[in-house]
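Survey of secondary and tertiary structure
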Amino acid sequence: MKWYIARRLAWTVVATFIILSLTFGLMAASPDPQAASYVAQQVQEGGDFEEAQESYERARGLDQPLWERYKNYMIGMVTLDWGWSETRSQPVTEAILEAWPYSVMYATPALIISTVLGVAIGLYSATHRNSLEDYAASAFAFFGISIPDFWFGILMILIFGVWLGWIPIYYHSDVPWFSLQNVQQLIAPTLVVTLSSIASEMRFSRATALEYVNAEFVKTAKAKGADSWRRVTRHIFRPALVPLSTILVGDILNIVLVSSYLVEVVFGIPGLGQLSYKAIIQQDVALVLATVLIPTFIAIVGNLFQDLAYTVLDPRISYGER
Amino acid sequence: MTEPLLSIRNLKTHFHTDEGTVRAVDGVSLDVDRGETVCVVGESGSGKTVTAESITRLIPEPPGEIVDGTVRFDGEDVTAMSEKQLEALRGGRIGHIFQNPQGALNPVYTVGWQIREAIQLHDKKAKDKEARERAIDLLDRVGIPDATSRIDDYPHEFSGGMKQRIVIAMALASNPDLLIADEPTTALDVTIQMQILRLLNQVQEEFNTGIVMITHDLGVVAEVADRVVVMYAGKVMEEGDVYEIFENPSHPYTRALLECLPGRGEKMSAIGGSLPSTTSPPDGCRFHPRCPYAVGDCEIGEQPPMYAVDDGDHAVSCVHFEPGADPSVVLGEDGSDAVGGARADGGDETGGDAR
Amino acid sequence: MMGGEDYRDRFEDIDWDDMQRSGLDSLTTQTAGFLASLGVVALLLVYDYVVVANDGPTFTTPFEWDVTQLDWLLVVTLLTVVFFAVYPLYDNPRMSRRYWREFRKNRAAVVSGVFLVGIFGLGLVGPLFIAKPDLNVLAQYQPPVFLSVPESTVGTCVGPVSDGMCHGTWQYPLGTTGQGKGIMKSVIYGMRVSLEVGLITPLIIIIIGTAVGTVAAYSGGIVDELLMRYVDIQLTFPTFFLYLLLLYLYGGTLFLLIVIFGITSWGSTARLVRSEALQRREEEYIQAAQSAGASEFWVIRKHLVPNVSNTVITNASLLIPSLILFEAAFSFLGLGDPTVPSWGQVISAGRSDIDTAWWISTIPGVFLFTTVLALNFVGDALRDALDPRAED
Ligand SMILES: Nc1ncnc2c1ncn2[C@@H]1O[C@H](COP(=O)(O)OP(=O)(O)O)[C@@H](O)[C@H]1O
Ligand SMILES: [Mg+2]
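Sequence positions are assigned chain by chain, starting from 1 and proceeding in written order. The naming scheme follows written order: chains are lettered A onward, ligands numbered 1 onward. The model is predicted, so local features are restricted to residues of pLDDT at least 70 and side-chain atom pairs to those at 80 or more, both for listing and for counting; the totals for chains, interfaces and linings are taken over all residues. Water and hydrogen atoms play no part in the side-chain values, which are based on all heavy atoms of the structure.

**Thoughts on the packing of aromatic side chains**
Stated formally: Stacked, tilted and edge-to-face are the three classes assigned to paired rings of Phe, Tyr and Trp, where Trp is represented by its six-membered ring and a pair needs centres within 6.5 Å; plane angles under 30 degrees give stacked, over 60 edge-to-face, the rest tilted. In this description a helix means any DSSP run of H or I spanning at least four residues, a strand means any run of E spanning at least two, and both kinds are numbered starting from the N terminus. Throughout this description, buried means an accessible area under 20% of the type-specific maximum (1.4 Å probe, protein chains only), exposed means over 50%, and partly exposed covers the range between. Ring-over charges, as used throughout, are those where CZ of Arg or NZ of Lys falls within 6 Å of the ring centre and within 35 degrees of the ring normal.
Under the criterion given, the structure shown has 33 aromatic pairs over all chains. Centroid distance A:Trp67 to A:Tyr70: 5.7 Å. Interplanar angle 40°. Geometry classified as tilted. Residue A:Trp67 and its partner A:Tyr70 are located together in helix H4 (residues 66–78), separated by 3 residues, close to a single helical turn. Classification of A:Trp67 as exposed rests on a relative accessible area of 56%. When its relative accessible area of 16% is taken as the criterion, A:Tyr70 is described as buried. Look at A:Trp82 and A:Phe297: their rings are 6.3 Å apart centre to centre, the planes differ by 55°, and that puts the pair in the tilted class. Highlighted residues: A:Trp82 in the loop between H4 and strand S1 (84–85) and A:Phe297 in helix H12 (residues 285–313), separated in sequence by 215 residues. The class for A:Trp82 is buried, based on a relative accessible area of 13%. Members of the aromatic cluster, connected to one another through ring pairs, are A:Tyr261, C:Phe240, C:Phe241, C:Tyr243, C:Phe261, C:Phe326 and C:Phe330. The ring of B:Phe158 has B:Arg150 lying over it, and the distance from NZ or CZ to the ring centre is 4.0 Å. Between C:Arg229 and the ring centre of A:Trp11, over which it is positioned, the NZ or CZ distance is 5.9 Å.

Okay, structure coming up:
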């Protein structure tokens, strides 16, 4: 098992390395949208095309040989020197440090609420299959996986902001973090992110638990005299946790990352999503890259945790294969 | 005699499904005394498991429902019990052993945990340490070698036979008065089967436990049964002393079953046809569509009542045994052994070669 | 219960082609038809690029249609669907009936199916007859028909004005955007976009995924290892952010968006196909075929591809809704194709006017939501109908 964990850790490092290298290759091989706009601007201002291009390349270190650039890029990545954000006139890492608390503020509660409620409702549905509650939960889950996050956010703003006036139409970042006002303006984004992840969790935990509801060992537990609460929590939920852990960490994290990105754009929350969005609009390559890589690292680490959780949760796992 | 340990009367367990009401058990009666082994036999799908699981209401409700009948255990009516009382009964005074030991143990807990659970559910005072000691004792008793070190192993680290022993250990955790064993050896190798049956026999002798043994293996019946109940399509066809059933099988269905037993009569002269529909069973005797001796009377009305075959408690649900009718239609001219070479082995342990 | 079912009852059982008996004469109608139509399309393609003037429309009768790259791709995709999904259903009425029986059990899915046929049918033919919505400063913010808004928010009211309220007209049944584009037209063009994303992308995914999965399973060793590790990496990269980066670098056209979605999303399909292939490979009929001297390639085509088709179809049908949602999200973020009206784009256009012209963002959203919902219902029922394991 130790050997397995060591190998899994090693693979995480290798995967990160490969992903960084691939991203570098991709960026090197692609036309630089920022360069294009810079050069166009210089030419418009009466500058020489060639000169503008060269000055841009010099400024970004693009005149160096490829290998040199790759080395600098990798060293920069590892030492957390992620470049300079032109549009914000600050280091990329600084911009990220300023932005992340805003994302965490609503994404964390959303993640917790959706996990706890989603799994609980899914279990309830599975153990009360074909009941009215089960149908209602299924309908709700279909609704949740089908509604586009960004559109749902706009609807919230329209209904609760514009028509009812309960919530602000835009996020006010000058409000103190720990204030009722901040809580009030974060309710809607939290709900949107929660909805998209809770629906997936409900569906998956229902499907998983269904495989165990009629399992023979659950009947054994009943025959031993276990009450229904004990059967559900100890004999259905616990074994279901093994397959569930794969979605709880990996997929749900993904859903939350995506929907928070969109939600921030809709509600104007100055978190990582909006940082990334603005970087794209304003052609800030270094910042775009960084804000894409961050969720990727989160996903890699999530995958690692997921696999480690598996080894803890499932006594049957064999460590022979990766 | 006083009231039997378990007494089932006219039990009807139905399942309400999309395809209609499945009458899995449709009026079954049987008694089990302390220290007695009653075997319930019949081909697959005849309602044996549902009967067994109705005793402690293990059947899933819904879709299942006990629509009629009573189950009395040690003088108390189980069908009227609350869920709390049932939970005390299950695993407390009545232990269950299931067919498939592979699935009967929860894969994510150690066997020690699972046996301890069985102990502590009924002995709330037992501390973890004490329960663990008792679990080791139990494992020892059911013949798990090196119980002390194996108690922290997971089910997948045991063989099928070992798992069944563990399931038995759990069923014995609270020294039950009644054991319900649903085909406990069907999924096991022949040699292991023998060991498990011996184990159950030992337990019975030690604690005077009543055993309901479900099986479709007549070899097992010959091995362990005191009395036999033959079921078909949710009904009891014949019941009686094991010696009587083997020596003097009376219902055509029982006789057909016995003929299927290898080494006896025709070589696996499988009964023609198949079980009738469980949602709309035929009128009259449930077996008549497949019965070679069926007459007009067999096709109308209800399943015939249990007619006594002799002075003992051997009884059969067949119109040919109605007082005044002629049983030789079924039994043949000499009125005795038409099956040929029948041999009742009773509880004789060496009789395993009947298979 | 299912055990005794007759041969050729599932997609799995279809003899996709009887090429083994060799020679063109024994090509099945299916393959022949497919190849022939592909040939026609290829000829037209050549005609379009060689003969027709660069920016002129490809056809002028019966209607003017300048076939784009994407249109070509869509035509090929539709041909594939017709010959490899519709034709087998037509050819095996018994199988079709069986699937239909299973599918019909789910009422929501049947209703959804009808709805989708409507939406995608309109998306397919609508753009051929309806011109793209164009800018019109004289028709900004027109409310949908039957609704009215204060005249002051509208600018120039196209419809009737009463009591200072501007009423919607049939000229713009669903109203207009801040640029005066008719939302109705945009929505119909958006149907086409969703159809293209939802049909072409899965086809690309299926083709690449099946190819990689079978190659990995059959070659084993280092090839298998490399392919699967690559899949690991691809699957580690969160889809959304991978698309985001690629669209930022290369995006701008719907064609590229679809290609990017397609060539970066086949990982899970490849994994599924590989594991299924490994299982099937062990099965005796394949061994039998092998010992009879059949080539590996033939075994794959003849036995494996048909066998994994159910898995692959189910998997793809579950991918479609999320692909459509992704396209909408990227159009919303401004990373879509600015020249093609799509639902996400219109939702985005109305965002800043949400307090005065709420219909701009909400109406296309309703179409997006209901379409995705319907697709999820159908996908679910399809899985139940196609997957023999999900039977209870
Ligand atoms: N949960 C259930 N729902 C519907 N029908 C059931 C259920 N459980 C058992 N049955 C039906 O009850 C009948 C008897 O089954 P069972 O008691 O398991 O037979 P046996 O144990 O004799 O092989 C069968 O027809 C079976 O289909
Ligand atoms: Mg049974």
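Read on for the rest.
**Considering the packing of helix H4 (residues 107–129) of chain C against helix H13 (residues 359–386) of chain C**
Residues and elements named next belong to chain C. Just so we agree on the cut-off: Axis definition: a line fit to C-alpha positions, over the contact stretch in the case of helices; interaxial angles, taken between N-to-C directions, run 0 to 180 degrees. Angle categories are assigned with fixed cut-offs, so that under 35 degrees is roughly parallel, over 145 is roughly antiparallel, 65 to 115 is roughly perpendicular, and the rest are oblique. We call a crossing left-handed when the near helix sits turned anticlockwise from the far one by less than a right angle, and right-handed when that turn is clockwise. In this description, contact between two residues means that some pair of their heavy atoms is separated by no more than 4.5 Å. Side-chain classes follow a simple rule in which Ala, Val, Leu, Ile, Met, Phe, Trp, Tyr, Cys and Pro form the nonpolar group, Asp, Glu, Lys and Arg form the charged group, and the remainder, Gly included, forms the polar group.
Contact pair H4 / H13: the axes reach a minimum separation of 8 Å and the direction vectors enclose 130°. Regarding the angle of H4 to H13, the classification is oblique. Of the two elements, H4 crosses H13, and the hand of that crossing is left-handed. Facing H4, whose interface residues are Ala108, Ala109, Ser112, Gly113, Phe115, Leu116, Ile119 and Phe120, H13 presents Phe367, Thr370, Thr371, Ala374, Leu375, Phe377, Val378 and Ala381. Tallied by class, the residues present in the contact of H4 with H13 amount to 12 nonpolar, 4 polar and no charged.

**Comments concerning the pairing of strand S6 (residues 94–97) of chain B**
A regular strand carries its side chains on alternate faces of the sheet. All names here are of chain B. The criterion, for reference: A pair of strands counts as paired when DSSP detects no fewer than two bridges linking them.
Neither face of S6 is left uncovered, since the one carrying Ile94 and His96 and the one carrying Gly95 and Ile97 both have all their residues buried. Relative to strand S7 (residues 178–182), S6 is paired through 4 bridges, and the arrangement is parallel. Opposite Ile94, over in S7, you have Leu178 as the bridge partner.

**Focus on the domain arrangement of chain B**
Residue and element names in this part refer to chain B. Here is the rule: Domain start and end points were adopted from an automatic or database domain assignment. Accessible area that two parts lose when put together, with a 1.4 Å probe and added across both, is what the buried area reports. For this document, the term salt bridge refers to a Lys or Arg side-chain nitrogen within 4 Å of an Asp or Glu carboxyl oxygen.
Along its sequence, chain B is organised into domain 1 (6–225) and domain 2 (250–331). If you look at the interface, domain 1 gives 14 residues, while domain 2 gives 11 residues. Where domain 1 abuts domain 2, roughly 940 Å² becomes buried across the two surfaces, and 58% of that area is made up of carbon and sulfur atoms. Of all residues in domain 1, Arg23, Glu43 and Leu218 bury the most surface against domain 2, accounting for 55% of the area lost on that side. Linking domain 1 with domain 2 are 2 salt bridges.

**Focus: the nonpolar core**
The condition is simple: Joining through side-chain atoms within 4.5 Å is the link that ties buried Ala, Val, Leu, Ile, Met, Phe, Trp, Tyr and Cys residues into a set, and such a set is a nonpolar core.
Ranked by size, the top nonpolar core spans 158 residues in total, and within it A:Phe150, C:Phe330 and C:Leu333 carry the most contacts. With 15 residues, helix H10 (residues 228–267) of chain A is the largest single contributor of residues to this core. Excluding anything up to four places from it in sequence, C:Leu333 contacts A:Tyr261, A:Leu262, A:Val265, A:Tyr277, A:Ile281, C:Phe240 and C:Leu244.

**Regarding the site of ligand 1**
All names here are of chain B. We apply this condition: Throughout, near means a residue has at least one heavy atom within 4 Å of the molecule or strand. Polar contacts, as counted here, are pairs of nitrogen or oxygen atoms within 3.5 Å of one another; within protein the pair requires one atom able to donate a hydrogen and one able to accept it, and residues that are adjacent in sequence qualify only if both atoms are side-chain atoms. To be clear on the numbers: accessible area is Shrake-Rupley with a 1.4 Å probe, and residue cover counts the displayed protein chains and nothing else.
Near ligand 1 lie 13 residues; those nearest to it are Gly45, Gly47, Lys48, Thr49 and Val50. Within the side chain of Thr49, an N or O atom sits 2.6 Å from an oxygen atom of ligand 1. Burial of ligand 1 by the protein chains amounts to 68% of its free accessible area of 560 Å². For the shell around ligand 1, the elements supplying multiple residues, two or more each, are strand S1 (6–17), strand S2 (20–32) and helix H1 (48–55). Top element by residues in the shell around ligand 1 is H1. It accounts for 3 residues. Counted by class, the shell around ligand 1 contains 4 nonpolar, 7 polar and 2 charged residues.

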